[in-house]
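Understanding the architecture of this molecule
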Amino acid sequence: MEKILVIDDAQDMLYSFRRNLESPERQVLTAASLVEGIETFRREKPDVTVCDIRLGGESGLDGLTQLRQLDPKAMVILMTAYGTSQTAIEAMKRGAFDYILKPFDVPKVKALIDSALKAARDMRQVVSYEPLLRSEDHTEGIVGRSEAMQTVFKRIGQVAHSDATVLLTGESGTGKELVARAIYHHSPRAGKVFMAINCAAIPEQLLESELFGHERGAFTGATQQRIGKFEQCDGGTLFLDEIGDMPLLTQSKILRLLQNGEFQRVGGSQTLRADVRVIAATNKPLEQLVSEKQFREDLYYRLNVVRVHLPPLRERREDIPVLTDYFLQRLREAGKTRIRTVAPDTLSALENHTWPGNVRELENVVHRAAIMAKGDYVLPTDLPAEVLRPAAPKPAEPAAATPSAPAAATPESAVNEAARVLFENARRQSQLKIIPWVERELIRRALTETNGNQVQAAKLLGITRATLRKRIEKFGIKKELNVS
Ligand SMILES: Nc1ncnc2c1ncn2[C@@H]1O[C@H](COP(=O)(O)OP(=O)(O)OP(=O)(O)O)[C@@H](O)[C@H]1O
Ligand SMILES: [Mg+2]
């Protein structure tokens, strides 16, 4: 059960939070004063605390400081009326997760609380990676008995203790985020904050400000100063996911930060310092991006010093049975199934599939199959067709002799995956407008790939040329790409 504590001296506000947020999985605790709030916080250890800045005679800012003294990882969201937003910015510098301006929009507040709860879960749920982990105590684990995974475990052990920047590579779904969290949990910074940011899911223009913050007036729409993730995470760990998608200019700022801990907010002239451990991950071939000048060579070398590579699942098939057991066990613990094991034929089918989506795909397949299954075992008929279909052997060589080539994901699964990343991020960034943004990016990409040829671009996009022209106009892409 997740717990949210709301501290506000206005009863109607407390009522509204309870009504809007309470659910079978979520308990909303309320306190009408700071003293009461602190007491409840100590007793209940909520996952997220929402606190008003003005609490009768008391200050929510002091409240924030006290809460963070009790727990340096406390996830605190402050509420403030428009006029006092400067105080809210001060709060961010003191480690608040975010702030909400009153009067507020319920869906936005819900989205913000969801992302705070996710951040809190990432911090609280220890990811263990010992070969034999006990998941009865509800820890998450990295499972694997293959030699390749044993090497990964050793590497985690070696790198966790230091403050070194770590680069995690591997295909989508191989467990990079899980490893990032394991490194954090086993590091000297485990008692401090951990935050994640997905560079691929944030529009280019916003990413830099998201990371480094911006000054008021730095660009159109920057009506207030904003504190970036590096400042917010001071003392802690920042997970830069999909770093291969980071624009070149932002890359140079990151390099500077990694080299001497310095940065500037967008539009700012003051040099600031942040003590943040960076864990970066990507599923893109960085070497290739470097040769294509899409990724800075110096940053690549800086990151590549400490690298942990997650091999694709098809190269460590001996992990499939243990992973299957582990996912079934977790489902049983969550009360979603009573099934203990899979039939031998089912296991062979699982072992023979190529798993383009890697462990994530296996997890989803086991999940669906366990729910479908009627009897005591998961039968082959409970598996989706693509898993049952034997991989077509390549004409020249027998399939079993060599490790199979990376199977290309189907267009459906690629779109599915892209949508997943987008929504995950939209939930974190409640201001993101997915459709217009995606549309704009697709059009930009089509035009870049066709060197600005609108006839070809329209064909690629599956729209008429007239529609394309209208969109170019609407999104102001013309100037940017120099298309005529
Ligand atoms: N070795 C493992 N043991 C247990 N669970 C795993 C393992 N590897 C991955 N998973 C699970 O598979 C899913 C995908 O893992 P994760 O999100 O870490 O992948 P990723 O490499 O970050 O993928 P992407 O590049 O798509 O972001 C998660 O639910 C994770 O818990
Ligand atoms: Mg990931």
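Residues numbered from 1 in each chain as written. Chains lettered and ligands numbered in written order. Predicted model: local features only at pLDDT ≥ 70, side-chain atom pairs only at ≥ 80, totals over all residues.

1. Let's talk about the overall build of the protein chain
Note the threshold: Going along the chain from the N terminus, every DSSP run of H or I of four or more residues is numbered as a helix, and every run of E of two or more is numbered as a strand. Our exposure labels follow a C-beta count within 10 Å of each residue's own C-beta, placed from the backbone: buried means 20 or more other C-beta atoms, exposed means 12 or fewer, and partly exposed covers the counts in between. Two residues form a contact once the distance between their C-beta atoms, set from the backbone, is within 7 Å.
In terms of regular secondary structure, the protein chain is built from 21 helices and 20 strands. Split into buried and exposed, the 484 residues of the protein chain put 35% on the buried side. Restricting to contacts in the protein chain with at least 6 residues of sequence separation, those with at least 24 account for 68%.

2. Thoughts on the packing of helix H19 (residues 454-461) against helix H20 (residues 465-475)
Inclusion rule: Only the stretch in contact is used when fitting a helix axis, every axis being a line fitted to C-alpha atoms; angles between N-to-C directions are given from 0 to 180 degrees. Should an angle lie under 35 degrees it is considered roughly parallel, over 145 roughly antiparallel, and from 65 to 115 roughly perpendicular; all remaining angles are considered oblique. Note on residue categories: nonpolar means Ala, Val, Leu, Ile, Met, Phe, Trp, Tyr, Cys or Pro, charged means Asp, Glu, Lys or Arg, and polar means any other residue, Gly included.
As a packed pair, H19 and H20 sit with axes 9 Å apart at the nearest point and diverge in direction by 100°. Considered as vectors, H19 and H20 are oriented roughly perpendicular to each other. On H20, the residues touching Gln-454, Val-455, Ala-457, Ala-458 and Leu-461 of H19 are Arg-465, Leu-468 and Arg-469. Looking at the contact of H19 with H20 residue by residue, the classes come out as five nonpolar, one polar and two charged.

3. What about the pairing of strand E10 (residues 166-169)?
Short version of the rule: Only strands joined by at least two bridges in the DSSP assignment are considered to pair.
Along E10, one buried face is formed by Val-166 and Leu-168 and the opposite face, lined by Leu-167 and Thr-169, is buried too. Bridging between E10 and strand E17 (residues 277-282) involves four bridges; their strand directions are parallel. Considered in E17, the bridge of Leu-167 is made with Ala-280.

4. Quick word on the confidence of the model for the protein chain
What counts here: Think of pLDDT as the predictor's per-residue confidence, scored from 0 to 100.
Mean pLDDT over the protein chain: 87, with 89% of residues reaching 70 or higher. Below a pLDDT of 50 lies the segment residues 394-408, which in the model reaches 14 contacts outside its immediate sequence neighbourhood of four places, other chains included.

5. Notes on the site of ligand 1
Selection rule: By definition, a residue lies near a molecule or strand provided its backbone-derived C-beta atom is within 6 Å of it. Where each domain begins and ends follows an automated or database-derived domain assignment.
Lining the immediate surroundings of ligand 1 are 17 residues, of which Ser-172, Gly-175, Lys-176, Glu-177 and Val-359 lie closest. For the shell around ligand 1, the secondary structure elements donating two or more residues are helix H7 (176-185), helix H13 (319-333) and helix H15 (358-372). Tallied by class, residues from the shell around ligand 1 come to six nonpolar, seven polar and four charged. Residue assignment places the shell around ligand 1 across two domains, with domain 2 (127-311) and domain 3 (314-388) each supplying three or more.

6. Observations concerning the sheet that holds strand E6 (residues 75-81)
Spatially, E2-E1-E3-E6-E7 is the arrangement adopted by the five strands of the open sheet, whose pairing is parallel. Either end of the sheet is taken by a strand with one partner, and the two such strands are strand E2 (26-31) and strand E7 (98-102). Across this sheet, the average inter-strand angle for adjacent strands is 20°, counted without regard to direction. Note: strand E1 (residues 2-7) against E2, six bridges, orientation parallel. Residue pairing for E2: Lys-3 is matched across the bridge by Gln-27. In the packing of helix H1 (residues 11-21) onto the sheet, the strands contacted are E1, E2 and strand E3 (48-52), and the crossing angle to E2 comes to about 175°. Set on the sheet, helix H2 (residues 34-44) makes contact with E1, E2 and E3; between it and E1 the angle comes to about 165°.

7. Points about H15
Put simply, the rule reads: Between the first and last residue of a helix there are one fewer steps than residues, each counted as 1.5 Å, and that sum is the expected span. Our arc is simply the arc of the directions from the helix axis toward the C-beta atoms.
If you check H15, its first and last C-alpha atoms are 21 Å apart, about what 15 residues at 1.5 Å a residue would give, namely 21 Å. Listing the buried residues of H15 in full gives Asn-358, Val-359, Glu-361, Leu-362, Val-365, Val-366, Ala-369 and Ala-370. For H15, the buried positions fall inside an angular range of 160° around the axis, keeping them on one side. Those residues of H15 that are buried lie in contact with H13, strand E20 (377-378) and helix H16 (385-388).

8. Points about the sheet that holds strand E11 (residues 194-198)
Taking strand neighbours across the sheet as the criterion, the five strands line up as E11-E14-E17-E10-E18 in an open arrangement whose pairing is parallel. Strands with a single pairing partner mark the edges of an open sheet, and in this sheet they are E11 and strand E18 (307-309). Taken pair by pair, the neighbouring strands of this sheet meet at an average axis angle of 20°, ignoring direction. Bridging between E11 and strand E14 (residues 237-241) involves five bridges; their strand directions are parallel. Within E14, the residue paired with Ala-196 across the bridge is Phe-239.

9. Overview of unusual backbone geometry
Where the residue is not glycine, phi is negative for most of them; where a peptide bond is considered, it is trans in most cases. In this structure, Pro-103 follows Lys-102 across a cis peptide bond, with omega equal to 0°. Counting through the fold element by element, Pro-103 comes out in the loop between E7 and helix H5 (106-124). Not every positive phi belongs to a glycine, and Trp-355 is a case in point at roughly 50°. Looking at where Trp-355 falls in the secondary structure, it is placed in the loop between helix H14 (344-352) and H15. Non-glycine residue Asn-358 carries a positive phi angle of around 55°.

10. A few points about the environment of Trp-437
Structurally, Trp-437 is set in helix H18 (residues 434-449). For Trp-437, a count of 17 C-beta atoms within 10 Å translates into the label partly exposed.

11. What to know about the environment of Gly-236
If you trace the backbone, Gly-236 turns up in the loop between helix H9 (229-232) and E14. Residue classification places Gly-236 among the buried residues on the basis of 24 C-beta atoms within 10 Å. Through-space distance from the C-alpha of Gly-236 to that of Pro-188 is 9.7 Å; in sequence the pair is 48 residues apart. Among all residues touching Gly-236, those that are not within four sequence positions of it are Arg-189, Lys-192, Val-193, Phe-194, Met-195 and Val-276.

12. Re the environment of Glu-318
With respect to the element layout, Glu-318 can be found in the loop between E18 and H13. Judged by the 13 C-beta atoms lying within 10 Å of it, Glu-318 is partly exposed. Between the C-alpha atoms of Glu-318 and Glu-147, which are 171 residues apart in sequence, the distance is 9.3 Å. Excluding residues that lie within four positions of it along the chain, Glu-318 makes contacts with Arg-145 and Ser-146.

13. A look at the packing of H18 against H19
Our working rule: Note on convention: near helix rotated counterclockwise from far helix by under a right angle means a left-handed crossing. Clockwise means right-handed.
Taken N-terminus to C-terminus, the directions of H18 and H19 make an angle of 130°; their axes are 8 Å apart at the nearest point. When the axes of H18 and H19 are compared, the pair comes out oblique. The chirality of how H18 crosses H19 is right-handed. Contacts between H18 and H19 involve Leu-442, Ile-443, Ala-446 and Leu-447 from the former and Ala-457, Leu-460 and Leu-461 from the latter. Of the residues contributing to the contact of H18 with H19, the split by class is seven nonpolar, no polar and no charged.

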